[in-house]
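Observations on the three-dimensional arrangement
If you want the building blocks of each chain, they are given just below.
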Amino acid sequence: MGSINIIPIGSGSTGNCIYIEIEDHHFLVDMGIGMRKVRDTLNGHGRDLAGIEAIFLTHSHSDHIKAAQAIANNTSCPVYGDASHMYNIRNIKADRSIIDAYADTDINGLTVRMFYVPHDFVKTCGYTFATKNRKVGFVTDCGLMSDTILEELSGSDVVIIESNHDVEMLKNGPYPKDLQRRILSKYGHLSNDDCAATIARLYETGTRNFILAHISLNNNTRDVAYETTAKVMKGKEISLYTCPEEGRDLLTY
Ligand SMILES: [Zn+2]
Ligand SMILES: [Zn+2]
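Since this is a predicted model, take the numbers as computed values, not measurements.

Regarding the sheet that holds strand 14 (residues 251-252)
- Pairing in this open sheet of 7 strands is mixed, and the strands run 6-5-4-3-2-1-14 from one edge to the other. The sheet is open, and its two borders are formed by strand 6 (96-98) and strand 14, each paired with just one other strand.
- Most of the contacts of helix 1 (residues 35-44) go to strand 1 (residues 4-10), to which it runs at about 145°, and overall it touches strand 1 and strand 2 (17-22).

Shown next, in the form of structure tokens:
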């Protein structure tokens, strides 16, 4: 059974780009981090932009696509996503491929499933990526967890999941009330409590490895996010990693 390697190059409102390797498949999710940083981070771990075989998009908020042109033009791989994402990256040279939600898409032997998540951008997506032996689930920018999303993620070896804000820190924090309401709404972001509750349910499906992502700089800390889930999962054997805004760690599962 081959390994899963993940480098959370960027995660949060500054920019998002996560490198994932499952057995012999190498790909990126989102392109919201500058090309140089992505290239240097990959090179630091003996990887290369040229070795990437696919890039997947979750949605078109700028923290997820702002480096699309630079990154896509420095790889020769296609960019995959929902049709609604493609207009906003129409200037890139790479092939743009639309994939269907709730269906298995085979990309060189990697089985990809895309599903929709509620967020304030049209057709925001989560993904699962699987080989015969290993499966990774990915869901950020998700205002509300649902049974459908849980079902898609179930049985993953690793789940990368949003733990965006601490509700009290958000309510007492610097954001104006309308922005607070947006983040708290079902089209906003997943709170630490919702993330922890989701992880408890995913644990029941066999998932033991969790990467907390898209952690707010203003309404959360990595420690608070970690502690919220750790408290709910007390006594259970899991691995829990919290993504920094910009990272260089290589996580192996
Ligand atoms: Zn985002
Ligand atoms: Zn977003």
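Digging into the pairing of strand 10 (residues 135-139)
- Counting buried residues along strand 10, 5 of its 5 residues qualify, which places the element largely inside the surrounding structure.
- Where strand 9 (residues 124-130) and strand 10 come together, 4 bridges link them in antiparallel fashion. Residue pairing across strands places F129 opposite V136, the latter belonging to strand 10.
- Between strand 9 and strand 10, which pair antiparallel in sequence order, lie 4 residues.
- Sheet topology note: the strand 10/strand 11 (residues 158-162) ladder contains 4 bridges and is parallel. Bridge pairing links V136 to V158 in strand 11.
- Considered for its hand, the β-α-β crossover made up of strand 10, helix 5 (residues 147-153) and strand 11 is right-handed.

Some remarks on the packing of helix 8 (residues 192-204) against helix 9 (residues 222-232)
- At a closest axis distance of 9 Å, the pairing of helix 8 and helix 9 adopts a crossing angle of 40°. One finds that helix 8 runs oblique with respect to helix 9. In the packing of helix 8 onto helix 9, the handedness of the crossing is right-handed. In this structure, helix 8 contributes N192, D193, C195, A196, I199 and A200 to the contact, and helix 9 contributes V224, A225, T228, T229 and V232.
- Each residue belonging to the contact of helix 8 with helix 9 can be placed in one class, and the counts come to 7 nonpolar, 3 polar and 1 charged.

Thoughts on the sheet that holds strand 12 (residues 209-213)
- Taken in spatial order, the 7 strands of this open sheet run 7-8-9-10-11-12-13, and their pairing is mixed. At either end of the open sheet lies a strand with only one pairing partner, and these are strand 7 (104-107) and strand 13 (239-242). Recorded for the sheet is a direction-independent mean angle of 20° between the axes of neighbouring strands.
- In the packing of helix 8 onto the sheet, the strands contacted are strand 11 and strand 12, and the crossing angle to strand 11 comes to about 160°.
- The strands that helix 9 touches are strand 12 and strand 13; relative to strand 13, the one it contacts most, it runs at about 160°.

Things to note about helix 9
- All of the buried residues in helix 9 are A225, T228 and T229. Projected down its long axis, helix 9 shows its buried positions confined to an angular sector of 85°, all on one face. Exposed side of helix 9, more than 90 degrees from the buried face: D223 and K231 are the residues found there.

Notes on the pairing of strand 13
- Bridging between strand 12 and strand 13 involves 4 bridges; their strand directions are parallel. Within the sheet, the bridge partner assigned to N209 lies in strand 13 and is S239.
- Viewed along the sheet, the connection from strand 12 through helix 9 into strand 13 turns out right-handed.

Focus on the environment of H165
- Turning to its location among the elements, H165 is positioned in the loop between strand 11 and helix 6 (167-171).
- In the structure, H165 is positioned 57 residues away from R222 in sequence and 10.0 Å away in space, judged by C-alpha atoms.
- When sequence neighbours within four positions are dropped, the list of residues in contact with H165 reads L170, I183, H189, S191, N192, S216, N219 and N220.

Rules used in this analysis
- Residues numbered from 1 in each chain as written.
- Chains lettered and ligands numbered in written order.
- Predicted model: local features only at pLDDT ≥ 70, side-chain atom pairs only at ≥ 80, totals over all residues.
- Pairing = 2+ DSSP bridges.
- Helix = DSSP H or I, 4+ residues; strand = E, 2+ residues; numbered from the N terminus.
- Contact = placed C-beta atoms within 7 Å.
- Axes fitted to C-alpha atoms, helices over the stretch in contact; angles between N-to-C directions.
- Buried ≥ 20, exposed ≤ 12 C-beta atoms within 10 Å, placed from the backbone.
- Right-handed = clockwise from strand over helix to strand, strands pointing away.
- Parallel < 35°, antiparallel > 145°, perpendicular 65-115°, else oblique.
- Left-handed = near helix turned anticlockwise from the far one by under 90°.
- Nonpolar A, V, L, I, M, F, W, Y, C, P; charged D, E, K, R; others polar.
- Arc of directions from axis to C-beta.

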